[in-house]
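What follows is the residue order along each chain.
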Amino acid sequence: MRRRIAPPGALAGFAGALLIAIGAFLLRDLPSTGASDLAVYSYFLDERTTVRAGAACLLLGALLLVPFFASLRIGKAAGPRRPAAAATLICGAIGVAAIGFAAAVVGALAVGAENADPGSSRTLLDLAYSVTGAAGAALMLAALCASADAHGQGAPTWVPALWTLCGLALLLWTGPLLTDAAALQAGGLAGTFAGVAGLLVWTGSAALLARRPDPRIAAAEAEAVAQAARAAPSGETAQAEPAHRQ
């Protein structure tokens, strides 16, 4: 059996999802939407190093998702980009930009923590939460479009269902914007990590499904066939061809 590898874009997407998971874990204690201005100010002042690391992971992870959305191909088609695949790229790009912006805002709050105004810190953190919710909605649409595209291109039947569930999990990132329930707050299992898990499953399954033969093995096999053809006597080759046709 040939060893197979995933295309670089799919691998980059999975790596990006892992970095986003690490960043979300590092930022799991971010103040909730109901925290006071002083609590927000104190958090960024006390946890500057952790917040910077988490924001950097989120930003780098978002950048690695770009080649994933640009190269996502699941199914039989290998020609020009289909409408659903184009929609996946557009929605994915919006989600990536939103994650990057939110990460930049959180990182800036940590960098300028000493000179920050508590009220301004609270406002900027709320902005980051709003943009993260928008990222979840955009990535949810990207996952649904990718699901529809995979279904239309003959992918295994379980793929659209799985990717639809991943998209619904990403939609939970909008939780902090819609409710004050503790279970849906940022840093919680449902409010953050369900969407992170959906992103990991989506990118990981895409990397597995988009695998292709290892080019080194394919090249070695082609060279072996060529050497065998050169070594075979011309008469035997000529006799073998009619026999094969019969």
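Residues numbered from 1 in each chain as written. Predicted model: local features only at pLDDT ≥ 70, side-chain atom pairs only at ≥ 80, totals over all residues. Heavy atoms only, no water.

1. A closer look at the overall build of the protein chain
Applicable threshold: Secondary structure elements are taken from DSSP: a helix is a run of H or I of four residues or more, a strand is a run of E of two residues or more, and numbering for both begins at the N terminus. Exposure categories follow from relative accessible area, calculated using a 1.4 Å probe and restricted to protein chains: below 20% of the type maximum is buried, above 50% is exposed, and the middle band is partly exposed. Note on contacts: a residue pair qualifies if any of its non-hydrogen atoms lie within 4.5 Å across the two residues. Accessible areas in this description were obtained via Shrake-Rupley with a 1.4 Å probe; residue shielding takes into account the shown protein chains only.
Looking only at helices and strands, the protein chain features ten helices and two strands. Overall, the protein chain shows an N-to-C arrangement of helices and strands of β-α-α-α-α-α-α-α-α-β-α-α. Expressed as a percentage of the 246 residues in the protein chain, the buried residues total 39%. Sequence separation of 24 or more characterises 79% of the internal contacts of the protein chain that already satisfy a separation of 6 or more. Of the roughly 12400 Å² of accessible surface on the protein chain, a fraction of 67% belongs to carbon and sulfur atoms.

2. Considering the packing of aromatic side chains
Here is the rule: Each aromatic pair joins two rings of Phe, Tyr and Trp (for Trp, the six-membered one) with centres within 6.5 Å, and gets the label stacked for planes under 30 degrees apart, edge-to-face for over 60, and tilted for any other angle. Lysine and arginine charges are scored as sitting over a ring when NZ or CZ, respectively, is within 6 Å of the ring centre and within 35 degrees of the ring normal.
Throughout the structure, instances matching the rule amount to five aromatic pairs. Where Tyr43 meets Phe44, the ring centres are 5.4 Å apart and the plane angle is 80°; that geometry is what we call edge-to-face. Like Tyr43, the residue Phe44 is buried in the burial classification. Seen in terms of ring centroids, Phe68 and Phe69 are 5.2 Å apart; in terms of plane orientation they differ by 65°. Their pairing is edge-to-face. Here Phe69 falls in the buried class, since its relative accessible area comes to 1%. Members of the aromatic cluster, connected to one another through ring pairs, are Phe68, Phe69, Trp163 and Trp202. Positioned above the aromatic ring of Phe25, the side-chain terminus of Arg28 is 4.0 Å from the ring centre.

3. Re the confidence of the model for the protein chain
This is how the line gets drawn: Within a predicted model, pLDDT stands for the predictor's per-residue confidence, ranging from 0 to 100.
For the protein chain, the mean per-residue pLDDT works out to 82, and 83% of the residues sit at or above 70. With pLDDT under 50 throughout, residues 75–80 is counted as low confidence; its partners more than four residues away or in other chains account for seven contacts. Here residues 235–246 is a poorly scored stretch, pLDDT under 50, and it has one contact once near neighbours within four places are set aside; other chains count.

4. A look at the packing of helix α2 (residues 37–46) against helix α5 (residues 118–152)
Rules: Lines fitted to the C-alpha atoms define the axes, with helices restricted to the stretch that makes contact. Angles between their N-to-C directions range from 0 to 180 degrees. Small angles under 35 degrees read as roughly parallel and large ones over 145 as roughly antiparallel, with 65 to 115 read as roughly perpendicular and the rest as oblique. All residues other than Ala, Val, Leu, Ile, Met, Phe, Trp, Tyr, Cys, Pro, Asp, Glu, Lys and Arg, Gly among them, are scored as polar; the first ten of these are nonpolar and the last four charged.
Remark: α2 packs on α5, axes separated minimally by 8 Å, with the N-to-C direction vectors making an angle of 85°. Considering their axes alone, α2 and α5 lie roughly perpendicular with respect to each other. In contact with Asp37, Leu38, Val40, Tyr41 and Phe44 of α2, α5 contributes Pro118, Gly119, Ser121, Arg122 and Leu125. Considered class by class, the residues forming the contact of α2 with α5 number six nonpolar, two polar and two charged.

5. Structural notes on the nonpolar core
We apply this condition: Definition used in this section: a nonpolar core is a set of buried Ala, Val, Leu, Ile, Met, Phe, Trp, Tyr and Cys residues joined via side-chain atoms within 4.5 Å.
If you look at the biggest cluster of nonpolar residues, it comprises 47 residues, and the most contacted ones within it are Phe44, Phe69, Trp163 and Trp202. Elements with a contribution of two residues or more to this core: α1 (8–26), α2, α3 (48–71), α4 (83–111), α5, α6 (158–171) and α8 (189–209).

6. So, the pattern of salt bridges
The test is simple: By definition here, a salt bridge exists when the distance from a side-chain nitrogen of Lys or Arg to a carboxyl oxygen of Asp or Glu is within 4 Å.
Applying the stated criterion to the full structure yields two salt bridges. Close ionic contact of Arg48 with Glu114 constitutes a salt bridge, the shortest N to O distance being 2.7 Å. Of this pair, Arg48 sits in helix α3 while Glu114 sits in the loop between α4 and α5; the two residues are 66 residues apart in sequence, bridging distant segments of the chain. For Glu114, a relative accessible area of 53% gives the class exposed.

7. Details of the environment of Gln185
Relative to the helices and strands, Gln185 resides in the loop between α7 (175–178) and α8. Classification of Gln185 by relative accessible area gives buried; the value is 9%. Once the C-alpha coordinates of Gln185 and Ser32 are considered, the two residues, 153 residues apart in sequence, prove to be 6.4 Å apart.

8. Some points on the state of the cysteines
Worth spelling out the cut-off: Cysteine sulfur atoms that pair up within 2.5 Å are treated as a disulfide.
Scanning all chains against the criterion turns up zero disulfides. Counting only cysteine sulfurs, Cys91 is the nearest neighbor of Cys145, a cysteine outside any disulfide, at a range of 4.9 Å.

9. Considering the packing of α1 against α3
Selection rule: Should the near helix be turned anticlockwise from the far one by less than a right angle, the crossing is termed left-handed; should it be turned clockwise, right-handed.
In the contact formed by α1 and α3, the axes pass within 7 Å of each other and the chain directions differ by 155°. It follows from the interaxial angle that α1 and α3 lie roughly antiparallel. Relative to α3, the crossing made by α1 is left-handed. Its residues assigned to classes, the contact of α1 with α3 shows 18 nonpolar, eight polar and no charged.

10. Overview of the environment of Ala146
Structurally, the position occupied by Ala146 is in helix α5. Taking the C-alpha atoms as reference points, Ala146 and Thr164, 18 residues apart in sequence, are found 8.8 Å from one another.

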